[in-house]
Amino acid sequence: MNILEDLQWRGLYTDCTALEELTKRLEEGPITLYAGFDPTADSLHVGNLVPLIALRRFQNYGHKPIILAGGATGSIGDPSGKKAERQLLTKELLAHNVACVKNQLVKILDFSEGLANTARLVDNADWFGPIGFIEFLRETGKYFTVNSMIAKESVKSRLGGDNEAGISYTEFSYMLIQGYDFFHLNATYDCELQIGGSDQWGNITVGTELTRKKAGKSVYGLTFPLITNADGSKFGKSVGGAIYLDPARTSVYRFYQFFINVDDRDVIKFLKFFTFLSHEDIEALEAKHNENPGAREAHRALAFEMTKLVHGEEATNDAINASKILFGGGLDGISENALAQVASEVPSATIAKADLECEEGLSLLDALVTAGLSQSRKTAKKDVQGGGVNVNNERVQDLGYKLTSADVHYGKYILLRRGKKNYAALIVE
RNA sequence: GGUGGGAUACUCAAGCGGCCAACGAGGGCAGACUGUAAAUCUGCUGGGGAAACCCUACACAGGUUCGAAUCCUGUUCCCACCA
């Protein structure tokens, strides 16, 4: 099986500028390819993973991946899929973001020195810096008619009469910048393929066109589908917002949980999209999933593979242990170490030892507010009355309940829970 | 410029002198059922209080009234029709 068949099997193929030619080219030997991302934040999120993982798939087949950070394009703003003009980011912020994201890229792509097809990170700010505006217009702008540019979906959707915001000249030019990237990478690294989400089709074809016209060379574009959730919501968000790769933003535990909680209808699809598991393994998981969805083996496999990829095996096992505790019932017999892990995975607040030891103890209602689980004593009260509050995983429905030293585990921890999933640890000091 | 209509909680949307912290729907939260799911059902959804009850809120500022989201005056912003 070759890489293209693999991608097709995984549902990761949407379109190609010249499928037959590319197939042939890939048979001849390793190819250099790239995918870009705009460094709009100082951490990648799970939505960024598909192109990166796709690059890695190519790398696993012996091809040479380049990941392009859009230090230049990011300062322009890609209009694709956007309804309105975007805020410009400062150069400093973009540079900072690129630096931060690099630490995450090394986990997904193999940047080992000495490897024949080692991954490479480039920043298009490096080559756009020296290019003057006039030069760019003469060397690149000349190859494209406005007629074809306004026909692109990313522009067309912003030109409609009902869209008063319109599109700025700046964003309109985005496709040329991205197109030039491809030309430049072809000239510099002999890069012959660009991959991206299907929303990138218009931008990618500008690049293949420019390279053909300017350098007389055939290069290819390949797109994969945009990820959607079966329920129609946007992929990659959970209640707390986007799921980031940075553990400081999204804890390993939450990252793991995000994949555990994937919709049944999506789990096999995501196994194919995101993991490097073999076809046989995935088919076996699919069979098990269909037979007994309640066992959720496919979910566990997905969550394990993804967390391992991004955070490493050790942190993944910690997250699995934490999950067992947080969903497994009481805290009896729990080790101090395990509990410390749990406490570090959930939001926590510190309380004074004296508050627990004084005569009245610490009001559970106040503790819920302190821990951030309830917005006010009023809502805390309703949560308790509704049976939604647990102390150390045991339901408490007494409004007057006072926390005392008896509730503290290992002299340090009290685990509060509101509802099924919202935990907070009180750390006694 | 003239004339009408409107501004209500996260959103939509009732209420048009006391029974209004405000009908209903959506969303959100919680409970039951489950598989840490979906669907379904139930409850909650301004703050304080164990509760009685109190406080703050129906664009803004005043006024009438025992009592106002509801009536009056002015201000701001929206919308429609007319020139």
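This text goes with the structure placed above it.
The following refers to the structure shown. (Residues numbered from 1 in each chain as written. Chains lettered and ligands numbered in written order. Predicted model: local features only at pLDDT ≥ 70, side-chain atom pairs only at ≥ 80, totals over all residues. Heavy atoms only, no water.)

### A short note on the protein's contact with RNA strand B
Stage number 1. Around RNA strand B, 25 residues are found, and the nearest of them are Q257, D264, R296, R377 and K378.
Stage number 2. Within 4 Å of the protein, the contacting atoms of RNA strand B are drawn from sugar and phosphate to the extent of 58%.
Stage number 3. Contact between RNA strand B and R377: a phosphate oxygen at 2.5 Å from a side-chain N or O atom of the residue.
Stage number 4. For the surface near RNA strand B, the secondary structure elements donating two or more residues are helix 12 (252–260), helix 16 (313–327) and helix 20 (377–385).
Stage number 5. Sort the elements by how many residues they give to the surface near RNA strand B and helix 20 lands first, with 5 residues.
Stage number 6. Residue composition of the surface near RNA strand B, grouped by class: 3 nonpolar, 12 polar and 10 charged. (Near = heavy atom within 4 Å. Polar contact = N/O pair within 3.5 Å; in protein donor to acceptor, adjacent residues only side chain to side chain. Helix = DSSP H or I, 4+ residues; strand = E, 2+ residues; numbered from the N terminus. Nonpolar A, V, L, I, M, F, W, Y, C, P; charged D, E, K, R; others polar.)

### As for unusual backbone geometry
Stage number 1. Residue N392 is not a glycine yet carries a positive backbone phi of 50 degrees.
Stage number 2. Among the structural elements, N392 can be located in the loop between strand 11 (389–391) and strand 12 (394–395).
Stage number 3. With a phi angle near 65 degrees, N393 is a residue other than glycine that sits in the positive phi range.
Stage number 4. Within the fold, N393 resides in the loop between strand 11 and strand 12.
Stage number 5. Owing to a relative accessible area of 12%, N393 belongs among the buried residues under this scheme. (Buried < 20%, exposed > 50% of the residue type's maximum accessible area, 1.4 Å probe, protein only.)

### Quick notes on the packing of helix 3 (residues 49–60) against helix 13 (residues 264–274)
Stage number 1. Running from N to C, helix 3 and helix 13 cross one another at 50 degrees; their axes reach a closest spacing of 9 Å. Relative to helix 13, the element helix 3 lies oblique. Residues L49, V50, I53 and R57 of helix 3 form the contact with helix 13, whose own contacting residues are K272, F273 and F274.
Stage number 2. Its residues placed into classes, the contact of helix 3 with helix 13 shows 5 nonpolar, no polar and 2 charged. (Axes fitted to C-alpha atoms, helices over the stretch in contact; angles between N-to-C directions. Parallel < 35°, antiparallel > 145°, perpendicular 65-115°, else oblique. Contact = heavy atoms within 4.5 Å.)

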